[in-house]
Amino acid sequence: MIKAQRWQILAAGLLVESFCGVSYVFGTVSETYKTKFDLSQDQTSRIGALSNAAGYTGLHIGLIYDRYGPKPLFLGSTALSLAFFTTWALVQYFDKISAPATYLSVLYFLQGH
């Protein structure tokens, strides 16, 4: 029984570590956002800043934890996954959308863990 728990803890730790570099990736995709959605440097910087603010403070996840406890954080991980997928779909398939900086700011804020 203890051996199985060790492997589960290792798997969970590796999953968490796989997302730890997400805040550093923004610099590689910011040029794509600027050219694809015709964003200014200020708008692009705001998207990155919101992502970092959410990631470093954990404000939105902390509020969920304080209010409902640890079990509903599964919904937070689902929101994170949905935000990643939506960001990918937005960049991949939508060329003309109104207020792309607003959408990207909200999605990157949700991605901050």
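Refer to the structure presented above.
Everything numeric here is computed off the predicted structure, so don't read it as measured data.

As a further point, take the overall build of the chain. Regarding its fold elements, the chain presents six helices and zero strands. Counted from the first residue to the last, the chain has its helices and strands arranged as α-α-α-α-α-α. Looking at the chain as a whole, 25% of its 113 residues qualify as buried. Considering only contacts within the chain whose residues lie at least 6 apart along the sequence, 69% involve residues at least 24 apart.

With twelve residues, the main nonpolar core is built from F26, Y33, F37, L39, I47, A83, L90, V91, A101, L104, L107 and Y108. If you tally residues by element for this core, the top one is helix α6 (residues 100–111), at four residues. Ignoring any residue separated from it by four or fewer positions in sequence, one finds L90 in contact with K36, F37, I97, Y103, L104 and L107.

Turning to the side chain of T44, a few remarks are in order. Along the chain, the position of T44 falls in helix α3 (residues 41–57). Owing to a relative accessible area of 2%, T44 belongs among the buried residues under this scheme. Those residues in contact with T44 that lie beyond four places of it in its chain are F26, S30, K34 and L39.

The residue I64 is located in helix α4 (residues 59–68) in this model. What makes I64 partly exposed here is its relative accessible area of 28%. Setting aside anything within four residues of it in sequence, one finds I64 in contact with G69 and L73.

Rules used in this analysis
Residues numbered from 1 in each chain as written. Predicted model: local features only at pLDDT ≥ 70, side-chain atom pairs only at ≥ 80, totals over all residues. Heavy atoms only, no water. Helix = DSSP H or I, 4+ residues; strand = E, 2+ residues; numbered from the N terminus. Buried < 20%, exposed > 50% of the residue type's maximum accessible area, 1.4 Å probe, protein only. Contact = heavy atoms within 4.5 Å. Core = buried A, V, L, I, M, F, W, Y, C linked by side-chain atoms within 4.5 Å.

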